[in-house]
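Chain residues, written in single-letter form:
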Amino acid sequence: MPSVPAVAGLGLLLVSTLCWGLAWPLAKIVVGELGVWNVRLALVVVGTCGLFAIAGIRRDRLLPHGARWGQVAFIGAMSTTGWGVLSTYALVLMAPGRAAILAYTMPLWAAIFGWLALGIPVRRRELVGLALGLAAIAVLLASDALALGAAPYGPILIVMAAMCWAAGTVAIKAYRGSLSTLPLAAWQTVIGGLPIVGAALVVESPSDVLGLSPAAAWSLAFWSLSGAVAGVWAWYRVVQILPPHVAAIGILGTPILGLLSSAAVFGDRIGAAELSALALVVAALVAVLAPSSPLQRPRSQPRMRSGDSG
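What you see is a predicted model, and the numbers here were worked out from it, not measured in a lab.

A. Inspection of the packing of helix α3 (residues 36–57) against helix α4 (residues 69–93) at higher detail. Two elements in contact, α3 and α4, have axes whose closest approach is 10 Å; the angle formed by their N-to-C orientations is 135°. The angle between the axes of α3 and α4 places the two elements in the oblique class. The element α3 and its partner α4 pack so that their crossing is right-handed. Contacts between α3 and α4 involve Val36, Trp37, Val39, Arg40 and Val44 from the former and Thr80, Gly84, Val85, Ser87, Thr88, Tyr89 and Val92 from the latter. When grouped by side-chain class, the residues that make up the contact of α3 with α4 number 7 nonpolar, 4 polar and 1 charged.

B. Expanded view of the confidence of the model for the protein chain. The predicted model of the protein chain has a mean per-residue pLDDT of 81, with 87% of residues at 70 or higher. Across residues 293–310 the pLDDT falls below 50, and counting only partners more than four positions away or on other chains, this stretch makes 44 contacts in the model.

C. A look at the packing of aromatic side chains. Using the criterion set out here, one finds 8 aromatic pairs in the structure. Plain terms: the ring middles of tryptophan 69 and tryptophan 187 are 5.3 Å apart, the flat faces sit at 80° to each other, and that makes the pair edge-to-face. Note that tryptophan 69 is positioned in helix α4 and tryptophan 187 in helix α10 (residues 181–203), a separation of 118 residues in sequence. Each ring, one from tryptophan 83 and one from tryptophan 165, has its centre 4.9 Å from the other, and the planes form 45°; the classification is tilted. Highlighted residues: tryptophan 83 in helix α4 and tryptophan 165 in helix α9 (residues 153–174), separated in sequence by 82 residues. A relative accessible area of 6% places tryptophan 165 in the buried class.

D. Spatial organisation of the pattern of salt bridges. All told, the structure shown has 1 salt bridge when counted by the stated rule. Of the charged contacts in the structure, one is a salt bridge between aspartate 60 and arginine 58, with a shortest N-O distance of 3.4 Å. On the accessibility criterion, arginine 58 (37% relative accessible area) is partly exposed.

E. Structural detail: a nonpolar patch on the surface. Where nonpolar side chains cluster on the molecular surface, the patch consists of Tyr89, Val92, Leu93, Tyr153, Ile156 and Met160 and spans about 600 Å² of accessible area. Only α4 and α9 provide two or more residues apiece to the nonpolar patch. For leucine 93, the location among the structural elements is in helix α4.

F. Geometry of the packing of α10 against helix α11 (residues 214–241). The contact between α10 and α11 brings their axes to 9 Å, and the two run at 120°. The orientation of α10 with respect to α11, classified from their angle, is oblique. In this structure, α10 crosses over α11, and the sense of that crossing is right-handed. Between α10 and α11, the residues in contact are Thr181, Leu182, Leu184, Ala185 and Gln188 and Val232, Trp233, Tyr236, Arg237 and Gln240, respectively. For the contact of α10 with α11, the residue count by class is 6 nonpolar, 3 polar and 1 charged.

G. Summary view of the nonpolar core. If you look at the biggest cluster of nonpolar residues, it comprises 81 residues, and the most contacted ones within it are Trp24, Tyr104, Met106 and Trp235. Per-element accounting of this core gives the leading share, 12 residues, to α11. Excluding residues within four positions of it along the chain, methionine 106 makes contact with Ala162, Trp165, Ala166, Thr169, Trp235, Ala248 and Ile251. In this structure, Leu41, Val85, Ile196 and Ala200 belong to the second largest nonpolar core, which totals 7 residues.

H. Summary view of helix α6 (residues 106–118). The end-to-end C-alpha distance of α6 is 17 Å, a good match for the 18 Å that 13 residues give at a rise of 1.5 Å each. Note on α6: the residue one or two positions beyond its end, glycine 119, has a positive phi of about 70°.

I. Fine view of helix α2 (residues 23–34). Compared with the 16 Å implied by 1.5 Å per residue over 12 residues, the 16 Å span of α2 between its first and last C-alpha is a close match. For α2, the full list of buried residues reads Ala23, Trp24, Pro25, Leu26, Ala27, Val30, Val31 and Leu34. Of the residues flanking the end of α2, it is glycine 35, one or two places downstream, whose phi is positive at about 95°.

J. Structural context of the environment of alanine 100. Secondary-structure assignment places alanine 100 in helix α5 (residues 96–103). Taking C-alpha positions, alanine 100 is 6.1 Å from glycine 258, a pair spaced 158 residues apart along the chain. Sequence-distant contacts of alanine 100, that is, excluding residues within four places in its chain, are made with Trp24 and Pro255.

K. Layout of the environment of threonine 254. When you line up the elements, threonine 254 lands in helix α13 (residues 253–266). Note on threonine 254: relative accessible area 0%, which makes it buried. The spacing of threonine 254 and leucine 13 is 241 residues in sequence and 9.7 Å in space, taken between C-alpha atoms. Excluding residues within four positions of it along the chain, threonine 254 makes contact with Thr17, Trp20, Gly21 and Tyr104. Side chain to side chain, threonine 254 and threonine 17 meet in a polar contact 3.5 Å long.

Cut-offs applied
- Residues numbered from 1 in each chain as written.
- Predicted model: local features only at pLDDT ≥ 70, side-chain atom pairs only at ≥ 80, totals over all residues.
- Heavy atoms only, no water.
- Axes fitted to C-alpha atoms, helices over the stretch in contact; angles between N-to-C directions.
- Helix = DSSP H or I, 4+ residues; strand = E, 2+ residues; numbered from the N terminus.
- Parallel < 35°, antiparallel > 145°, perpendicular 65-115°, else oblique.
- Left-handed = near helix turned anticlockwise from the far one by under 90°.
- Contact = heavy atoms within 4.5 Å.
- Nonpolar A, V, L, I, M, F, W, Y, C, P; charged D, E, K, R; others polar.
- pLDDT = per-residue confidence, 0-100.
- Phe/Tyr/Trp six-rings, centres within 6.5 Å; stacked < 30°, edge-to-face > 60°.
- Buried < 20%, exposed > 50% of the residue type's maximum accessible area, 1.4 Å probe, protein only.
- Salt bridge = Lys/Arg side-chain N within 4 Å of Asp/Glu carboxyl O.
- Patch = residues over 30% accessible without salt bridge, like charges linked within 9 Å, V, L, I, M, F, W, Y side chains within 5 Å.
- Areas by Shrake-Rupley, 256 points an atom, 1.4 Å probe, with all protein chains shown as cover.
- Core = buried A, V, L, I, M, F, W, Y, C linked by side-chain atoms within 4.5 Å.
- Expected span 1.5 Å × (residues − 1).
- Polar contact = N/O pair within 3.5 Å; in protein donor to acceptor, adjacent residues only side chain to side chain.

Put into structure tokens, the structure is as follows:
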């Protein structure tokens, strides 16, 4: 039987998958009207306010001693600045469904960084799941190889974003400060958002948000509340419950959901390659998340801190 934390991790993986998978086509709509820096500024503001509000309702300590701000700043630089800016610029240059798929090369980098930085072993079943998940991505890339060759900057940016996300994920797992989940997510958003705020004020006009079309305004509202608040909180909890590469593989369903939602919004084609990738992703999830030892926290993993109850 899987442990209670593992079951909770699966539920939170589902939350992250839904929040982030549905956001990809909405992000494309918003970026087209608002611009990269304004979009990221809006997400930083909504994410910060939302996470701090929830933490306040829960009466979490927002400024405890021993927060280890250097670690928090690194997480923010990777997860908010690096991932956010690079992935949004990539959306300007390529289709959202394809961008979502390339973003989820992240499990490969998470496994590598987790092994190098934390010495977390990657077991046989997890290697199988990782290989199947990356095979799904390869199938989709192969079907679009000519387009990638004609416009390489989008794919390059999204892979760089995936590497930043992976580094931030491993850093969350390594975090040993006194901040619990919600304050940690909120403070990394604040610190990682500072360069974004400065760039938005210099490069673009934040007042442009007042001129959004109804479709873009609703898209921004859903994206910011679900992605920057609910999705971020769920992801931080997942990474603290499960090893980072297991958590990363567990959300490989997100790019498929992104592809399907992109098809619904923009009419992107779904053919044999997409269906084959879906089958590979399902197989990857079964390989890693079936109710046996891969779901149980390895004995070498550190215990959860008492402040990390939510």
